[in-house]
Amino acid sequence: MAGDILQGMNNSPEKPSSPFGPFELSDRIIDDFMRHSVFRSDLVERLCRMAADSDAGSAREAVKAIFPGLIERLNDSFDPGSCSLYDRIFARIIDFHRNLPGGSSLDEALNRFGIFDENDLLLRKNGLFKHLTIPSDARRKVGKVMLLSRVTIGADVAVTSVILNKLRTILPDVDFVILGSSKLRELYGGDPHLRIREIAYDRGGTVLARLQSWLEVCRAVDEESAGLSPDQFFLIDPDSRLSQLGLLPMIIDERNYYFFESRSFSRPGIKRIGELASRWTGELTNRDEPAFPFLALPDEHRSFGLEIAGKLRQSGAKRLVMISFGAGGNHRKRVSDGFEESLVNELLKDSTVILDKGATVDEREQIDRICRSLRASAGKVVEVDESNAGQILADENFSADVVTWDGGVGRFAALIAASDEYIGYDSAGQHLAAALGTPSITVFVNSNSPVFAERWSPYGRGRIDVVHADASEADQKSDEILSQVLKIHEDKITKQTK
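Residues numbered from 1 in each chain as written. Predicted model: local features only at pLDDT ≥ 70, side-chain atom pairs only at ≥ 80, totals over all residues. Heavy atoms only, no water.

### Observations concerning unusual backbone geometry
Phi is positive for Gln 244, which is not a glycine, with a value near 50°. A positive phi angle, close to 60°, is found at Leu 245, a residue other than glycine. Tracing the chain through its elements places Leu 245 in the loop between strand E4 (233–237) and strand E5 (257–259). (Helix = DSSP H or I, 4+ residues; strand = E, 2+ residues; numbered from the N terminus.)

Following this line, the structure appears as C-alpha cells:
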C-alpha cells in the first residue's frame, strides 16, 4: 500500500518549480515515513509556516499542499499505516496553529479538554477504539443521537446515512440530529424525526479557519446535550472532518462517543465504504442485517422531480436518463469533453436526457457547449433553474429532447429519483442514485489507489454498474469507455422492457 501512496505523488496538484516548495515538502514527509519510517515533524512545521504566510498567494499554495497534496492523499489510500501518519501530521498541525496569535480561542478550548500538546491529542485518539458494542442498558437511557457530518454531500449519503439508518432500527423513538451543512435539509428535510443542526466548514479556507469550525461544533454539542446526562445521548463520529478525523474531542465524558475510522476499518469480502459503514454499525449494535443509504426528500422537491418527469413522459418521452458530468472541480475524474458530448448524442437515440449543469464555472461551460451543439443540430433544449421552474411547469406544451437543471441538490436528487437511469462520474450523484434505488452507471476515473475506487463505489439496493478507467489513459480510451457505458445502458433497457 505504501507503493500506492508514493505512486499517487505524480497525481498531486501542479507543483511550483522550487525544490523547497510546499508540494516538495509534502512529498518528502510521505516518502521519509513510508520508505524510512521517519516522521519529519520539522517539515510539517515548515509547511504550517508557509500556510500561515502573510502573502495570501503563498499561503494558498501551502494550504493546497497540506490538504489535497498531503492529507487527502494519505486518507484516500485507505491504509492503516497512513491513518497513523495522518494522526501524527495533523496533531502537529493543530499544535502549531493553537500557538499562533489568532489561535488563542482554539488553544483555550483544547485546554478545557485537558489537551495541552500534540501528544495529548494522540493519546486521546489512540484510546477511541475501546467500544465494541453499545451496551443494551445504554440504549434504554438514550433520548438523542448526534451524528457529525462528513462535510461532503456524497460522503454523508454513502456513510453517515447508512449509520443513521442502522441506528434507527434499535432506537426508533430517539431524536436524531446531524451536525452539518444546511444543504442536508434539501435531502433529509422530509424526515420529521431527523433534524439538521447547521455547522459551517470552510473547505477552501485557511488551516486555522478550518480548525476553528471545531469550536462551533463544540458549542452545538454543548447546546444539544444541555440538560442531558452523558448517558442520555450518543455522539457518532463517522471519520468527520469536523473533528479532523477523530483528533479533536467534542465532549468531556466520552462514554457514549463512537468513532468509525473509515480509512482503516476493513472486513473480509467487503470493499465499499457504505457497506463497511453498515458492518461497523452492525457490530456496534449487535445487529447483523445490512443497512443501506437513504434520502428523505422534502415533498416540494420530490414533487418537482415528478412533475418534470411527468410532463416529459406526456410529451412522448419513453425513457428518462439523468446525467451529471460534475466532478467537484477535479478534472482528473472526467474522461473528456468529446466523451461527454458523444454520450449525450448516443443516449438521445432512445431516451430523453436531463443534464445537471454542475457546480463550477468549467462544468457549466461544458454543458453550455453541449447544448449549443444540440441546438445547432435541431435538438430542443429547455434550460430549467430555480427562478424559472414554476413557469416551465405551468407550460402545457412543455417538451424537450434535453432538459438542463441548474439549482439545488434537493431538486437534483428529485430529478434522479424520477428518472429511469442515472449516469455520472465519481461524485455525489452516484451516491444519491444508489440511495434512491435509481439504476445507475458510474464512470469511475481513478487517479488514486485501486482501493480508493473500491471504497467509493456506490452502495445501495438498486442496480449499480461501475465502469473503471485509469486517469492517465481515460482520454485516449474514451471510445472504449463510451462503448462500455452504452452496452450497460442498452442491457438495462432490454431487461426493463421484458
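We are not done yet, so read on.
### Let's talk about the side chain of Ser 419
You can see Ser 419 is positioned in the loop between helix H17 (409–418) and strand E10 (421–425). In terms of polar contacts, Ser 419 uses its side chain to reach the backbone carbonyl oxygen of Leu 415, at 2.7 Å. If we ignore the near neighbours within four places in the chain, the residues touching Ser 419 are Arg 313, Leu 320, Met 322, Ile 354 and Thr 438. (Polar contact = N/O pair within 3.5 Å; in protein donor to acceptor, adjacent residues only side chain to side chain. Contact = heavy atoms within 4.5 Å.)

### Notes on the environment of Ser 387
Tracing the sequence through the fold places Ser 387 in the loop between strand E8 (381–385) and helix H16 (389–394). For the pair Ser 387 and Thr 206, spaced 181 residues apart in sequence, the C-alpha to C-alpha distance is 34 Å. A polar atom in the side chain of Ser 387 sits 2.6 Å from the side chain of Asp 385.

### Points about the sheet that holds E10
Paired through their backbone hydrogen bonds, the strands of a sheet run either parallel or antiparallel. Strand order in the open sheet formed by seven strands is E8-E9-E7-E6-E10-E11-E12, with parallel pairing between adjacent strands. Edge strands, defined here as strands with exactly one partner in the open sheet, are E8 and strand E12 (464–470). Averaged over all pairs of adjacent strands, the angle between their axes in this sheet comes to 20°, without regard to strand direction. Inspection of the sheet shows E10 paired to strand E11 (residues 440–446) by four bridges, in the parallel sense. Each residue of the ladder has a partner; that of Gly 424, found in E11, is Thr 442. Packed on one face of the sheet, helix H13 (residues 299–314) meets strand E6 (320–324), strand E7 (352–356), E8 and strand E9 (402–406) and runs near 130° to E6. Sheet strands in contact with H17 are E6, E7, E9 and E10, and its direction is about 145° off that of E6. (Pairing = 2+ DSSP bridges. Axes fitted to C-alpha atoms, helices over the stretch in contact; angles between N-to-C directions.)

### What to know about the packing of aromatic side chains
A complete count under the given rule lists twelve aromatic pairs for this structure. Ring geometry for Phe 67 against Phe 90: centres 6.1 Å apart, planes inclined by 65°, an arrangement best described as edge-to-face. Taken together, the positions of Phe 67 in helix H4 (residues 56–75) and Phe 90 in helix H5 (residues 80–98) put the pair 23 residues apart, joining distant regions of the chain. The burial state of Phe 67 is the same as that of Phe 90; both residues are buried. (Phe/Tyr/Trp six-rings, centres within 6.5 Å; stacked < 30°, edge-to-face > 60°. Buried < 20%, exposed > 50% of the residue type's maximum accessible area, 1.4 Å probe, protein only.)

### Details of the pattern of salt bridges
Tallied over the full model, the rule gives 45 salt bridges. With a shortest N-O distance of 2.8 Å, Arg 267 and Glu 283 are connected by a salt bridge. Taken as a pair, Arg 267 in the loop between E5 and helix H12 (273–285) and Glu 283 in helix H12 lie far apart in primary sequence, 16 residues in all. Exposure remark for Glu 283: the relative accessible area of 29% places this residue in the partly exposed category. Residues Asp 337 and Arg 369 are paired through a salt bridge, measuring 3.4 Å at the closest nitrogen-oxygen approach. A residue pair is termed long-range when its members are at least 10 positions apart, and Asp 337 in helix H14 (residues 337–347) and Arg 369 in helix H15 (residues 361–376) qualify at 32 residues. By relative accessible area, which is 33% here, Asp 337 ends up partly exposed. Judged by its relative accessible area of 35%, Arg 369 falls in the partly exposed class. (Salt bridge = Lys/Arg side-chain N within 4 Å of Asp/Glu carboxyl O.)

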